[in-house]
Amino acid sequence: MRAPAALLLPLLLTPLAACTTGPSLEDRGQVTAPPGDSRHLTVGSAGFTESDLLAQMYAQLLGQAGYKTSLITVANRELYEPALESGQIDVVPEYAATFADWLNAKTHGADAPPVGSPDLDTTMSALRGLATPRGLTVQDPGRAIDQNAFAVSAAYARQHGLKTLGDLGAAGLKVRLAAGDECVVRPYCEPGLRKTYGIDVTGIDPKGVGTTQAKQAVQSGRDQMALTTTTDATLGAFGLVLLADDRHLQNADYVVPVVNRARAGGAGVTKALGALGEVLTTADLASLNEQVDSRRRLPADVARAYLKSKGLLK
């Protein structure tokens, strides 16, 4: 999958694994140095559909802005984040709350209290505080958010008058939930559904997050609800709908571009990527995912068509 202006590079695991971790926390000179504007930028993808689409859109927008771009796929954050710090990768699409918690654990240890939260401003402040000493700049979040979400069958929602998770809690229904094993202890999952919404979760059916098996279990009535994400592209095919997180249980996982400040922190990159954030919505992202996952279109082609439809690409 490659865009006309982008070259897909092979992944060299050894150099990436051995790369440095950016400026030390004491080296404020490097951290506060003027942002750089390299004309050849490497855009990273985490290797799943949505990340591939975002990386393609980033690369195409940067190409139009006069940058030469290359694409590289590194599926493991433990590898691509150090590569981003060192400048082997210059730009990646990330998710605000998830990346904040990841950097927090890397900085303060795996047992550090989470810093990501449902509040976007609080999350972004924590994220930027963790990213800046590492030589990274987190650009402004766009409109699109990919966070955990819960789906029920459309028929079940109609039968019980459900539009939100609050409605489900108020209905007093017993709910068997298709999700991952970790749902039992994760605060955004079973404990949060009970505490925040008063939902009577009778058990967890361990079918994973957003898997075909989980959706089929809800479609068939074996389970009443499934854990998935807000940009799940295939819910309609299973007759499922999302219940709104009306009490804001889930963290603010807005899409954010993260760049290596020394190489891609300049105004040109900020302007090019910011234009996408202003128009790309959660619904748009779900639709783009569907075109790749269900219709088997190439991410580069889907990205290009979307950017042209929004007047962002000539």
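Preceding block: the structure.
A.B. asks: Describe in detail the sheet that holds strand β6 (residues 148-153), supporting the description with residues and values.
C.D. replies: Within a beta sheet, neighbouring strands are joined by backbone hydrogen bonds and run either parallel or antiparallel to one another. Across the sheet, 5 strands lie side by side as β8-β7-β9-β6-β10; this open sheet has mixed pairing. Of all the strands in the sheet, just β8 (200-206) and β10 (240-243) have a single pairing partner and so form its edges. Strand-to-strand twist in this sheet, taken as the mean axis angle between neighbours without regard to direction, amounts to 40°. One ladder, built from 6 bridges, connects strand β7 (residues 174-179) with β8; its direction is parallel. Looking at β8, one finds that Arg176 is bridged to Gly203.

A.B. asks: Quick one: what's the story with helix α4 (residues 77-86), residue by residue and with numbers?
C.D. replies: Burial within α4 is extensive, with 8 of its 10 residues counted as buried. Inspection of α4 places Arg77, Leu79, Tyr80, Glu81, Pro82, Ala83, Leu84 and Glu85 among the buried residues, and these make up the whole buried set. Where α4 begins, one side-chain oxygen reaches toward the backbone nitrogen of Glu78, 2.7 Å away; that side chain belongs to Asn76. Positioned one or two residues after α4, Gly87 has a phi angle of 95°, which is positive.

A.B. asks: Pulling in residues and values, what's your account of the environment of Leu130?
C.D. replies: You can see Leu130 is positioned in helix α6 (residues 120-131). Once residues within four sequence positions are removed from consideration, Leu130 is found in contact with Ala100, Leu103, Asn104, Thr107, His108 and Val115.

A.B. asks: So what about the nonpolar core? Which residues, and what values?
C.D. replies: In terms of nonpolar packing, the biggest core is built from 32 residues, with Met57, Leu62, Leu276 and Leu280 touching the most fellow members. Elements that contribute at least two residues to this core include exactly β2 (40-45), α3 (49-64), β4 (91-95), β11 (255-260), α12 (267-279), α13 (282-293) and α14 (299-309). Listed in part, the 23 residues of the second largest apolar core include Phe150, Leu177, Cys183 and Ile204.

A.B. asks: Outline the packing of α3 against α12, listing residues and values.
C.D. replies: The geometry of α3 relative to α12 is characterised by a closest axis approach of 9 Å and an angle of 130° between their N-to-C directions. When the axes of α3 and α12 are compared, the pair comes out oblique. Crossing of α3 over α12 shows right-handed handedness. Packed against α3, whose contacting residues are Met57, Tyr58, Leu61 and Leu62, the element α12 presents Val269, Ala272, Leu273 and Leu276 at the interface.

A.B. asks: Summarise the packing of helix α5 (residues 96-108) against α6; cite the residues concerned and give the values.
C.D. replies: Relative to each other, α5 and α6 sit at 40°, their axes nearing to 9 Å. What the angle tells us is that α5 and α6 run oblique. Both α5 and α6 take part in a crossing whose hand is left-handed. Residues Ala96, Ala97, Phe99, Ala100, Leu103, Asn104, Thr107 and His108 of α5 form the contact with α6, whose own contacting residues are Thr123, Met124, Leu127, Leu130 and Ala131.

A.B. asks: Summarise the pairing of β6; cite the residues concerned and give the values.
C.D. replies: Regular strands show a simple pattern: their side chains alternate between the two faces of the sheet. Most of β6 sits inside the fold, with 5 of its 6 residues counted as buried. Where β6 meets strand β9 (residues 225-229), 4 bridges bridge the pair, whose relative direction is antiparallel. Along β9, the bridge assignment pairs Asn148 with Thr229. Pairing of β6 with β10, which is carried by 4 bridges, proceeds in the antiparallel orientation. When the sheet's bridge partners are listed, Ala151 is paired in β10 with Leu242.

Conventions used here
- Residues numbered from 1 in each chain as written.
- Predicted model: local features only at pLDDT ≥ 70, side-chain atom pairs only at ≥ 80, totals over all residues.
- Heavy atoms only, no water.
- Pairing = 2+ DSSP bridges.
- Helix = DSSP H or I, 4+ residues; strand = E, 2+ residues; numbered from the N terminus.
- Axes fitted to C-alpha atoms, helices over the stretch in contact; angles between N-to-C directions.
- Buried < 20%, exposed > 50% of the residue type's maximum accessible area, 1.4 Å probe, protein only.
- Polar contact = N/O pair within 3.5 Å; in protein donor to acceptor, adjacent residues only side chain to side chain.
- Contact = heavy atoms within 4.5 Å.
- Core = buried A, V, L, I, M, F, W, Y, C linked by side-chain atoms within 4.5 Å.
- Parallel < 35°, antiparallel > 145°, perpendicular 65-115°, else oblique.
- Left-handed = near helix turned anticlockwise from the far one by under 90°.

These figures capture arrangement, not role.
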